[in-house]
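Observations on the three-dimensional arrangement
For reference, the chains in residue letters:
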Amino acid sequence: MSLAQVHHISAAAGDESAEGRFTAVGRGVTAALLAELEPLFAYVLPDGAPHRPTDAELRSLPQAFTYAVLSDGSRAVGRTAPARGESSAPVRFHTHAVYIPVGVPLPGDRLPVEAWRSPHWATVTPAGGASLSDPLGALPPGPAPVREGLDDFAVSRGPWLAAVLSDLRRASEEAAPAGGPVVLVERRSADVARWLGLAAVALPRESAERLTFTTYTRRPGSSALRVVGVAPEDAAAAREAGLRVHVCADRPPVEATGDVWARTAARVWRSRAPELFQEARGLPGDPFAAGPLAVVALCAGVGLGSEERAAAAAWAAERPYALDAKRTGQLVEALTSPGIDDRTGSEFDAVGRLFGALDGRCPAPVTAPLAAMLVTEAVRGGNGSLELPRRDAFVGPEGEAIAGVLGPEILTELESGAGGSRPVARTVQLLRVARLLGMNTRDLLPDVATRLATALLRETEAETEGPEGPEGYAGPGRPEEGAEAAAGPLRAAGTPGLTGSRGAPGPSGAPRTPGTPGPSGAARASGSAGTPAAPRPSGTAGSPAAPAFAPALLELLDEQFDVRTALLGALDRIAPEDPGAVARFLERVALPFTGTQALPHLRMCAEAPGAMTTLGRDRTALWHRILRAAGLSPFAEPLVLRTAAGLVWEDRAPTVEEARLLLEAATSDAHRAAGTWSRLADAALGAPADAEEAEALAHDLLRAFPQEIQGRERAALQLLALCRDLRTGAPEPGWADRVRTLRDRAAPLEPQVQERAFTALAERLLAPDRPGAELYAFVRSDDTDLITAYDRAARTEPTRTRLRTQPAYAADCFTVWTAHPHVGPAWTTTAAALLEEVLRPAVRSMSAELVAEVEETVGRTGSSGRANAFRDWNRSRTLGRLGRRIVGRVRRG
């Protein structure tokens, strides 16, 4: 059918009073449509255009080639070009447009942009108002004349291609994108048309038809079209209007677009292979998915980047049936080309999925290069997330070749002593590749398993450590937040303990494995014997997630029985050194405990979280349950004591009652072998000052572990044991001095131990039957701390009651507190205060008969002079003559 044509002459340049007018209008074009068309034909000369241009200058002015969709759904394609005017208006602007009704395609089913080179666009209105030639219907057949030169143009615009194609793709979406048109800045308007020609070839037809445009305008911000072209001098104004501007006539852009489809399309154009766009549209998938276009590009030999190759591999992995054998082989060859050196992890992951999709579907020679590429990357690239091929993927010459190349590298790395710091994922990957290639790692496995076990605990702790400490299993005895430490540092240098921090023997007599975390002695002391906090239940909504390496590790253990046996054994050996870390690991990774291995320590660690949830604060019941989970008696395997103690108390000391439980659970030899005697010592030294059983526990520990307990701890426990003798037995002579000696040896002494010892000493010295030699040694020491404890004990209610009711005791205290006036200021001051503040109130409360009995006893046990002194002291209401005489002697001394 013949399409209606419209001709329009715009106002003369600079003639404000003149108006444009339609000089010819075809049939079917209403006045309303003309009113809508006229603004589209407005033309503004570029800055600096001459008023009376020459013919060459006139031809060099930009032409506006426009395609627009009108309000009723009809379309218009037209060209506005400068033309020679009259003498009064040397330049006029003539528009020749073709009106396309709704539902009517362009002649030859062309796209609008294909008409920009038509030779039949008129620059004057035809005589009689009718066009003799149709600029759309008279186009030559085939795409060649229209697309001529686009390849060269694409190559010349290589730096801008991807970004512009990405924006043109978005501009072609069904719903017009917000933010105004895409602005293409070119020196020549014909180059803007060439950009639209590139997009018309790359985009699907329906998208290209939605791409309304004009190749030249001076007012991009007010345009309703989707793409506009402007001259370089108008680029700044377009940017200020907030439009997406591509200055293709300036320096190339620095940042690359993230649109993988656009980057792939740009490489296709630069490779001068536009026929690939149509070929890609014949493959299934989203029209703007990068996969189909990347696949056909790689098969055609077009070089792509890593993300584009990854897109091709991922698309082919999802649709392996969409490619024939030839194209599949071409794709594999392109992906595995030895000349590629920019592969990324995402590309290898996609290739791994492609191998999984093709394996078994294609012949082995086709997939072997993919398998070789994957295992090479696993070994050399360190990509621990790769999906490795099946073991039979390398049966035959391919397997021998790749094993000969990679085998020595794998063995060297597995033998490396740096394996203790090697990530878990890396070791797991190496072991899986070694088995895949049929390598013998039997001799290396014990050391590799030990290092792997250490790394498992280290990475699990690091991954779950938070600002409030490790999540999940935390040990049932962790103190409440804000609780003060009940004990000071408990360890002396060289004393073996549970943590191995000073060379404590490991499970097999060897030193503790380096890198295995464990609490220090001071940390254990800080928890001491306080009330245990409620543990965090496991298996709840707050349970920690499995570490990132867990799936690959479990797959390795499922594949390789020898590795599973070696690793479980290594973890079982490590568990006694840091059972809390092993329990936290097992709470996150459910290792398979099936088989004939005993694994007592691992079973205890696995039992701990569930037992804590069930038993809560009952550490005694928890101890029994965890110990039963071992399946072995402490007499047969003493180290289960260490593991159980570490799980129940972790970095804290048990209470005295709990320490009794531990001591009775096994022989001293078992505790000695397990190193748990240090837990018992911590319990005794960390017990509160009023826990009397601590003294008996200290006595038993000194008898049970005479060689193990040494240094500061031994002196502190001896001090506790001496307290027991002071309270209940007959200590060896010299105990007053011995308290001071042991206190000094045990420095820094726990405050509660010192308080207990000094109180016991003071109470013994205040007893009526205390040996005089011990009292004399105490007084002469003039030890401020001891004398303070004596003063405190003398002021207690039991002592005051005894003074009021027992005249002999009151007489004895008067004798002691008035004797030894020259020993030192601490004793003299304290004795004077006790006379006035303790003894005087007691004597005043006595009857006359009792006071007389006190006076008689003082004289009988001392001298007549001392009896007189008591009489004078009792009559005095203040310090009195005796007090002044005592103070005077101290001053003269």
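Note that the structure is a prediction, hence the values are computed from the model and not measured.

If you tally the helices and strands in the protein chain, you get 40 helices and 11 strands. Taking the contacts inside the protein chain whose residues are at least 6 apart along the sequence as the reference set, 72% of them involve residues at least 24 apart. Entry remark: accessible area of the protein chain is about 38900 Å², with carbon and sulfur atoms responsible for 51%.

Quick look at the sheet that holds strand 7 (residues 213–214) now. If you trace the 9 strands from one edge of the open sheet to the other, you get 2-1-5-4-3-7-8-6-9, paired in mixed fashion. Both outer strands of the open sheet, strand 2 (21–25) and strand 9 (244–247), are each paired with one neighbouring strand and no more. Bridge count between strand 6 (residues 182–185) and strand 9: 4 bridges; the pairing is parallel. Following the sheet pairing, valine 185 is matched in strand 9 by valine 247.

Glancing now at a negative patch on the surface. Where like charges cluster on the molecular surface, the negative patch consists of Glu657, Asp690, Glu692, Glu693 and Glu755. In this fold, glutamate 657 is placed in helix 26 (residues 656–665).

Taken together, the buried positions of helix 33 (residues 772–781) are occupied by Glu774, Leu775, Ala777, Phe778, Val779 and Ser781. Lining the buried residues of helix 33 we find helix 31 (735–745), helix 32 (751–765), helix 34 (784–794), helix 36 (807–818) and helix 37 (825–844). Looking at the residues trailing helix 33, positive phi occurs at aspartate 782, about 45°.

Right, let's get into the confidence of the model for the protein chain. On average, residues of the protein chain carry a pLDDT of 82, and 85% of them reach 70 or more. Averaged over each element, pLDDT in the protein chain is lowest for helix 19 (residues 521–527) (33) and highest for strand 6 (96). In the predicted structure, residues 477–541 sits below a pLDDT of 50 and forms 144 contacts with residues beyond four places in sequence or in another chain.

Moving on to the pairing of strand 3 (residues 64–69). Taken across its 6 residues, strand 3 has 5 buried, putting it largely inside the fold. One ladder, built from 6 bridges, connects strand 3 with strand 4 (residues 75–84); its direction is antiparallel. Considered in strand 4, the bridge of alanine 64 is made with threonine 80. In textbook terms, the turn of a hairpin is the stretch between consecutive antiparallel strands, and for strand 3 and strand 4 this stretch comprises 5 residues, one of which, glycine 73, has a positive phi near 95°.

On to the packing of aromatic side chains, then. If you walk through the whole model with that rule in mind, you get 16 aromatic pairs. Here the aromatic rings of phenylalanine 778 and tyrosine 790 are separated by 5.2 Å at their centres, their planes lie at 40°, and the arrangement is tilted. One end of the pair, phenylalanine 778, is in helix 33; the other, tyrosine 790, is in helix 34, and 12 residues separate them in sequence. You'll find phenylalanine 778 and tyrosine 790 in the same group, each marked buried. Arranged with centres 5.4 Å apart and planes meeting at 50°, the rings of phenylalanine 814 and tryptophan 873 form a pair that is tilted. Here the residue phenylalanine 814 occupies a position in helix 36, and tryptophan 873 occupies one in helix 39 (residues 864–875), the gap between them amounting to 59 residues. Here the aromatic residues Phe65, Tyr67, Trp121 and Phe213 are joined through ring pairs into a cluster of three or more.

Let us now look at the pairing of strand 5 (residues 91–100). In terms of residue burial, strand 5 counts as a mostly covered element, since 10 of its 10 residues are buried. A two-sided burial pattern is seen for strand 5, the buried positions comprising Val91, Phe93, Thr95, Ala97 and Tyr99 on one face and Arg92, His94, His96, Val98 and Ile100 on the other. As defined by bridge partners, strand 1 (residues 5–9) adjoins strand 5 across 5 bridges and the pair is classed as antiparallel. If you follow histidine 8 over to strand 5, its bridge partner there is threonine 95.

Further remarks concern the side chain of threonine 427. On the secondary structure map, threonine 427 appears in helix 17 (residues 424–436). For threonine 427, a relative accessible area of 3% puts it in the buried group. Beyond its immediate sequence surroundings of up to four residues, threonine 427 is in contact with Arg422, Val448 and Leu452.

It is at 8 Å that the axes of helix 11 (residues 290–299) and helix 13 (residues 325–335) come closest, and there the two elements cross at 85°. Comparing their axes, helix 13 and helix 11 come out roughly perpendicular. Here helix 11 contributes Val295, Val296, Leu298 and Cys299 to the contact with helix 13, which in turn contributes Arg327, Gln330, Leu331, Ala334 and Leu335. Looking at side-chain class alone, the contact of helix 11 with helix 13 contains 7 nonpolar, 1 polar and 1 charged residues.

Turning next to the environment of valine 332. Checked against the element boundaries, valine 332 lands in helix 13. In this structure, the C-alpha to C-alpha distance between valine 332 and leucine 354, residues 22 residues apart in sequence, is 9.3 Å. With residues up to four places along the chain from it excluded, the contact list for valine 332 reads Leu358, Val366, Pro369 and Leu370.

Below, the discussion takes up the environment of alanine 176. Within the fold, alanine 176 resides in the loop between helix 5 (158–171) and strand 6. Owing to a relative accessible area of 52%, alanine 176 belongs among the exposed residues under this scheme. Sequence-wise, alanine 176 and alanine 224 are 48 residues apart; in three dimensions their C-alpha atoms are separated by 9.9 Å.

Position of glutamate 186 relative to the elements: it lies in the loop between strand 6 and helix 6 (189–202). Since its relative accessible area comes to 3%, glutamate 186 is described here as buried. Among the polar contacts listed, one links the side chain of glutamate 186 to the side chain of tryptophan 195, at a separation of 2.8 Å. Dropping the residues within four chain positions of it, glutamate 186 is found in contact with Phe153, Arg157, Asp191, Val192, Trp195, Val230, Ala231, Pro232, Cys248 and Ala249.

Rules behind the numbers
Residues numbered from 1 in each chain as written. Predicted model: local features only at pLDDT ≥ 70, side-chain atom pairs only at ≥ 80, totals over all residues. Heavy atoms only, no water. Helix = DSSP H or I, 4+ residues; strand = E, 2+ residues; numbered from the N terminus. Contact = heavy atoms within 4.5 Å. Areas by Shrake-Rupley, 256 points an atom, 1.4 Å probe, with all protein chains shown as cover. Pairing = 2+ DSSP bridges. Patch = residues over 30% accessible without salt bridge, like charges linked within 9 Å, V, L, I, M, F, W, Y side chains within 5 Å. Salt bridge = Lys/Arg side-chain N within 4 Å of Asp/Glu carboxyl O. Lys, Arg positive; Asp, Glu negative; His and termini not counted. Charge placed at Lys NZ, Arg CZ, Asp CG, Glu CD. Buried < 20%, exposed > 50% of the residue type's maximum accessible area, 1.4 Å probe, protein only. pLDDT = per-residue confidence, 0-100. Phe/Tyr/Trp six-rings, centres within 6.5 Å; stacked < 30°, edge-to-face > 60°. Axes fitted to C-alpha atoms, helices over the stretch in contact; angles between N-to-C directions. Parallel < 35°, antiparallel > 145°, perpendicular 65-115°, else oblique. Nonpolar A, V, L, I, M, F, W, Y, C, P; charged D, E, K, R; others polar. Polar contact = N/O pair within 3.5 Å; in protein donor to acceptor, adjacent residues only side chain to side chain.

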